[in-house]
Amino acid sequence: MVSNRSGPLQGLRILEIAGLGPAPVAAMLLADLGADVVLVDRKTPGAEDLDIGRHAIQNRGKRSIAVDLKTQEGVQTVLELVQHCDAMIEGMRPGVMERLGLGPDVCLARNPKLVYGRMTGWGQDGPLAQAAGHDLNYVALSGALWWSGQPGEAPMPPPSLVGDIGGGALYLVVGLLAGIMSARSKGEGQGRGQVVDAAIVDGSAHMLNLLLGLKSAGQFVNERGRSLLDGPHWYRTYRCADGNFVSIAAAEPRFNTLLLQKLGLTDDPAHAAAYDLQAWPQLHERFAALFATRTRDEWCALLEGTDACFAPVLNPDEAAVHPHMAARGVYSVIDGVLQANPAPRFSGTPAGQPGAVASRGEDTESILRDWCGERHE
């Protein structure tokens, strides 16, 4: 298989050590944008491998080489590939790569301009560095979970999105690209590779800075349900008559005024206190009763496309065929698998159609030939 190499990152070489969670997603994003991503797969699936074949969207557009990292021959193969790549991605617990003989010191000695990306939940150091964990644990500790969910209910973020993807994969990609830029520059302290320690607790905490600014200004407090984006009746989801849900986010006064107009509540004196947090619980109950009187489609017919800040809550299959999403071509079905197309979009170097998912080790010979040259002809 040949990966799709159109896009702004064409010519970039990324070496990924197979793993789970955010690291493969980070590598997928780089492949989507044109990088040549080589995935170092195990020769046989391990107990923790997510071996779902062509359904492994996170591995699309990559080439696969099968290597046994427990052998000296396998380690030497990876080190040979290290000499010819711009960046490397690994998502093991701290110390694992060092024990394999593939730690940063060894790899940077082989390739001084290498950007060595490390993806973990807790980070490379600190009291919890060696503890097991998952997305929910990391965002709970970082503070990013605190304002999620509805007031009075247990906090719960969208599975894996806030931590693994938002605070993990995306921050790793930013770190890798920044590191590559630095390695290619000639300024003071630049022109050489380095280690990128991308920890989900760091990234998800960093994502809080907008809300921390509002908290400092007194518009957010640590008591859930009493802040601008986690308590008001006009920033919530509501169940409709058909059991589906809609979302309302009419925060600014002009949008709130329009929403009340559309709902026929302009003259209702109770809604004059839209920004009085003491009134929010009662107004939430009134909104809940109102939205339960019509189906989601009926509310869409009334509110969608207006400045009332409205959207239906869709599952991914519904989202894929929604007129707005379809017009932008956000989703595709490739090899029978629904998946989102590459993002963001570029005017001059657009990314192509996402590449296929390679079978384990199917590109071993072509990778060694393309990256390592004559010795593997």
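Residues numbered from 1 in each chain as written. Predicted model: local features only at pLDDT ≥ 70, side-chain atom pairs only at ≥ 80, totals over all residues. Heavy atoms only, no water.

Here the focus is the sheet that holds strand β3 (residues 63–67). Hydrogen bonds along the backbone pair up the strands of a sheet, which may run parallel or antiparallel. Read across the sheet, 6 strands follow the order β3-β2-β1-β4-β5-β6 without closing on themselves; strand pairing throughout is parallel. Two strands bound the open sheet, and with one partner strand each, they are β3 and β6 (194–199). In this sheet, neighbouring strand axes are inclined to one another by 20° on average, regardless of whether the strands run parallel or antiparallel. Pairing of strand β1 (residues 13–17) with strand β4 (residues 87–90) involves 3 bridges; the strand directions are parallel. Bridging across to β4, E16 finds its partner in I89. This element, helix α2 (residues 72–82), spans β1, β2 (36–42), β3 and β4 of the sheet and lies at about 145° to β3. In the packing of helix α14 (residues 364–372) onto the sheet, the strands contacted are β1, β2 and β3, and the crossing angle to β3 comes to about 100°. (Pairing = 2+ DSSP bridges. Helix = DSSP H or I, 4+ residues; strand = E, 2+ residues; numbered from the N terminus. Axes fitted to C-alpha atoms, helices over the stretch in contact; angles between N-to-C directions. Contact = heavy atoms within 4.5 Å.)

The next thing to look at is the sheet that holds strand β9 (residues 310–313). Ordered by their spatial adjacency, 3 strands build an open sheet running β7-β8-β9, and the pairing between neighbours is antiparallel. Only two strands of the sheet have a single partner each, and these edge strands are β7 (235–239) and β9. The sheet shows a mean angle of 25° between the axes of neighbouring strands, direction not considered. Sheet topology note: the β7/strand β8 (residues 245–249) ladder contains 5 bridges and is antiparallel. The partner of T237 across the bridge, within β8, is S247. Its contacts with the sheet put helix α10 (residues 280–291) on β7 and β8, and the angle it makes with β7 is roughly 40°.

Looking now at the pairing of β1. With respect to burial, β1 is a largely interior element, 4 of its 5 residues being buried. In this structure, β1 lies alongside β2, joined through 5 bridges in parallel fashion. Along β2, the bridge assignment pairs E16 with L39. What joins β1 to β2 is helix α1 (residues 22–32), and the crossover it makes is right-handed. (Buried < 20%, exposed > 50% of the residue type's maximum accessible area, 1.4 Å probe, protein only. Right-handed = clockwise from strand over helix to strand, strands pointing away.)

For the coordinates displayed, the defined rule picks out 10 salt bridges. Across the pair E318 and R296 runs a salt bridge whose closest N-O atoms are separated by 2.9 Å. Of this pair, E318 sits in helix α12 (residues 316–321) while R296 is found in helix α11 (residues 296–303), placing the two residues 22 residues apart along the sequence. Three or more residues are tied together by salt bridges with common partners; here these are D36, R63 and D370. (Salt bridge = Lys/Arg side-chain N within 4 Å of Asp/Glu carboxyl O.)

Within the secondary structure, D164 is located in helix α6 (residues 161–184). Within the buried set, D164 has no salt-bridge partner at all; the shortest N-O distance to an opposite charge, 13 Å, is to R93. Leaving out residues up to four positions away in the same chain, D164 has contacts with P22, D135, A169 and I200. (Lys, Arg positive; Asp, Glu negative; His and termini not counted.)

Our focus in this paragraph is the domain arrangement of the protein. Its domain assignment divides the protein into domain 1 (13–208 + 342–372) and domain 2 (235–326). The distance between the C-alpha centroids of domain 1 and domain 2 comes to 39 Å. (Domains from an automatic or database assignment.)

Further remarks concern the nonpolar core. Counting residues in each nonpolar core, the largest one holds 30 residues, and the members touching the most others are I14, L30, A35, V37, I89, L172 and L176. Elements that contribute at least two residues to this core include exactly α1, β4, β5 (115–120), α6, β6 and α7 (200–206). Looking at this core, the element that brings in the most residues is α1, giving 8 residues. Aside from chain neighbours lying at most four places away, what touches A35 is L9, L12, I14 and L30. V67, V75, M97 and L102 belong to the second-largest nonpolar core, a separate cluster that totals 23 residues. (Core = buried A, V, L, I, M, F, W, Y, C linked by side-chain atoms within 4.5 Å.)

Quick look at the packing of aromatic side chains now. Scanning all chains against the criterion turns up 8 aromatic pairs. Taking the centre distance of 4.8 Å and the plane angle of 90° together, the rings of W122 and Y138 count as edge-to-face. You can see W122 sitting in the loop between β5 and α5 (135–142) and its partner Y138 sitting in helix α5, a full 16 residues away along the chain. Neither residue differs from the other here; W122 and Y138 are each classed as buried. Measuring from ring centre to ring centre gives 4.9 Å for W147 and F220, while their planes differ by 90°; the resulting arrangement is edge-to-face. Of this pair, W147 sits in the loop between α5 and α6 while F220 sits in the loop between α8 (209–216) and β7, and the two are 73 residues apart along the sequence. Looking at F220, the relative accessible area reads 3%, which means it is buried. Grouping aromatic residues by their ring pairs yields a cluster made of Y238, F287, F291 and W299. Here R294 stacks its cationic end above the ring of W299, 4.8 Å away from the centre of that ring. (Phe/Tyr/Trp six-rings, centres within 6.5 Å; stacked < 30°, edge-to-face > 60°. Lys NZ or Arg CZ within 6 Å of the ring centre and 35° of its normal.)

For the rest of this paragraph, the subject is the packing of α1 against α6. Where α1 contacts α6, the axes come no closer than 9 Å and their chain directions differ by 50°. As far as their axial angle goes, α6 and α1 are oblique. The hand of the α1/α6 crossing is right-handed. Here P22, V25, A26, L29 and L30 of α1 come into contact with α6, specifically with D164, I165, G168, A169, L170, L172, V173, L176 and L177. (Parallel < 35°, antiparallel > 145°, perpendicular 65-115°, else oblique. Left-handed = near helix turned anticlockwise from the far one by under 90°.)

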